[in-house]
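Spelled out, the chains give:
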Amino acid sequence: QPPQAEGTRRARLEPIVDPLDPAALGHATALFRHLLGALKVGRLYPQWSQVSAAFLVQLREELEKLMAAVPGVTISNPPTGPRLNGVPAVPGPVTEFAVLLDEHLLESMTLLRSFDRAGLDVLLRAFLEPLDRLRAEADHWDRFLAREGLEGIDLVQKAYQARESAGARLDTREEKQVPPE
């Protein structure tokens, strides 16, 4: 069970807050561009197709380059806007991926050097699966990480959004009779 603080989930891994140097920033941008591309291609082509395989090769190469340059990376989407290792992200693949995180009820994703690259396929499949934001369990991503045995990665869920969205659709006030005209 992940650490709890005042009823909200804290990260299992410490978020990376060291700003990226220009070369590492280029690798991170390419990584998120390839992640987005692999997800788009994954919706159109079978996983074993040549097109999908080409995107996965590029994705793995950028992940290796990035992890050779830095100990890890954290992408987050706080109310102040998308951040990469604590630094505001410039518009592009990083901010587009932050939108995808938000769509999947995620506040942040941290990848460390120790992340098993075989887990990349599992992560992509999870992002390809539709997520019912109204019915998502508050520990959906925690259970996913535990079920798949993924290490060196943390997915911090915005559990409160699922409850807010579900609650917004329910009107708990009493019905009042409308007087006849």
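That block above? That's the structure.
1. Considering the overall build of the protein
When helices and strands are tallied, the protein shows six helices and seven strands. Listing the helices and strands of the protein from first to last along the sequence gives β-β-α-α-β-β-β-α-β-α-α-β-α. Classification of the 181 residues of the protein by burial places 41% in the buried group. Here the contacts in the protein between residues at least 6 apart in sequence split such that 70% fall between residues at least 24 apart. Accessible surface computed for the protein: about 10900 Å², of which carbon and sulfur atoms make up 54%.

2. Some words on unusual backbone geometry
Its identity is not glycine, yet asparagine 85 carries a phi of approximately 55°, on the positive side. Its identity is not glycine, yet leucine 105 carries a phi of approximately 60°, on the positive side. Inspection of the secondary structure assignment puts leucine 105 in the loop between α3 (93-103) and β6 (106-112).

3. Things to note about the side chain of serine 76
Mapping serine 76 onto the fold places it in strand β3 (residues 72-76). Setting aside residues up to four positions removed in sequence, serine 76 forms contacts with Gly81, Pro82, Arg83, Ala98, Glu107 and Ser108.

4. Comments concerning the environment of valine 87
Tracing the backbone shows valine 87 in strand β5 (residues 87-88). Dropping the residues within four chain positions of it, valine 87 is found in contact with Pro19 and Pro82.

5. Focus: the packing of aromatic side chains
Inspection of the entire model under this criterion finds four aromatic pairs. Centre to centre, the rings of phenylalanine 127 and tryptophan 141 are 5.7 Å apart; their planes meet at 40°, and the pair counts as tilted. In this pair, phenylalanine 127 is assigned in helix α4 (residues 119-128) and tryptophan 141 in helix α5 (residues 140-148), connecting sequence segments 14 residues apart. A ring pair is formed by tryptophan 141 and phenylalanine 144, whose centres lie 5.4 Å apart and whose planes are at 80°; its orientation type is edge-to-face. Of the two residues, tryptophan 141 and phenylalanine 144 are both situated in helix α5; the distance of three residues between them amounts to about one turn of the helix.

6. Regarding the pattern of salt bridges
Counted by the stated rule, this structure contains eight salt bridges. For aspartate 121, the salt bridge identified is with arginine 60, shortest N-O distance 2.9 Å. Placement of the pair is aspartate 121 in helix α4 and arginine 60 in helix α2 (residues 50-69), with a sequence separation of 61 residues. Among the salt bridges present, the one from lysine 65 reaches glutamate 62, with a minimum N-O distance of 3.7 Å.

7. Re the pairing of β6
Counting buried residues along β6, six of its seven residues qualify, which places the element largely inside the surrounding structure. In this sheet, β6 lies alongside β3 in antiparallel orientation, the contact comprising five bridges. Within the sheet, the bridge partner assigned to glycine 72 lies in β6 and is leucine 112. Bridge count for β6 against strand β7 (residues 153-157) is five bridges, and the pairing is antiparallel. From the neighbouring strand, methionine 109 faces β7, where its bridge partner is leucine 155.

8. As for the nonpolar core
By size, the foremost hydrophobic cluster in this structure holds 39 residues, and its most contacted members are Phe97, Met109 and Phe127. Secondary-structure elements contributing two or more residues to this core are α1 (22-44), α2, β3, α3, β6, α4, α5 and β7. A per-element tally of this core places α1 first, with eight residues. Leaving out residues up to four positions away in the same chain, methionine 109 has contacts with Phe32, Val73, Thr74, Ile75, Phe97, Leu101, Leu123, Phe127, Asp154 and Leu155.

Reading the values: rules and limits
- Residues numbered from 1 in each chain as written.
- Predicted model: local features only at pLDDT ≥ 70, side-chain atom pairs only at ≥ 80, totals over all residues.
- Heavy atoms only, no water.
- Helix = DSSP H or I, 4+ residues; strand = E, 2+ residues; numbered from the N terminus.
- Buried < 20%, exposed > 50% of the residue type's maximum accessible area, 1.4 Å probe, protein only.
- Contact = heavy atoms within 4.5 Å.
- Areas by Shrake-Rupley, 256 points an atom, 1.4 Å probe, with all protein chains shown as cover.
- Phe/Tyr/Trp six-rings, centres within 6.5 Å; stacked < 30°, edge-to-face > 60°.
- Salt bridge = Lys/Arg side-chain N within 4 Å of Asp/Glu carboxyl O.
- Pairing = 2+ DSSP bridges.
- Core = buried A, V, L, I, M, F, W, Y, C linked by side-chain atoms within 4.5 Å.

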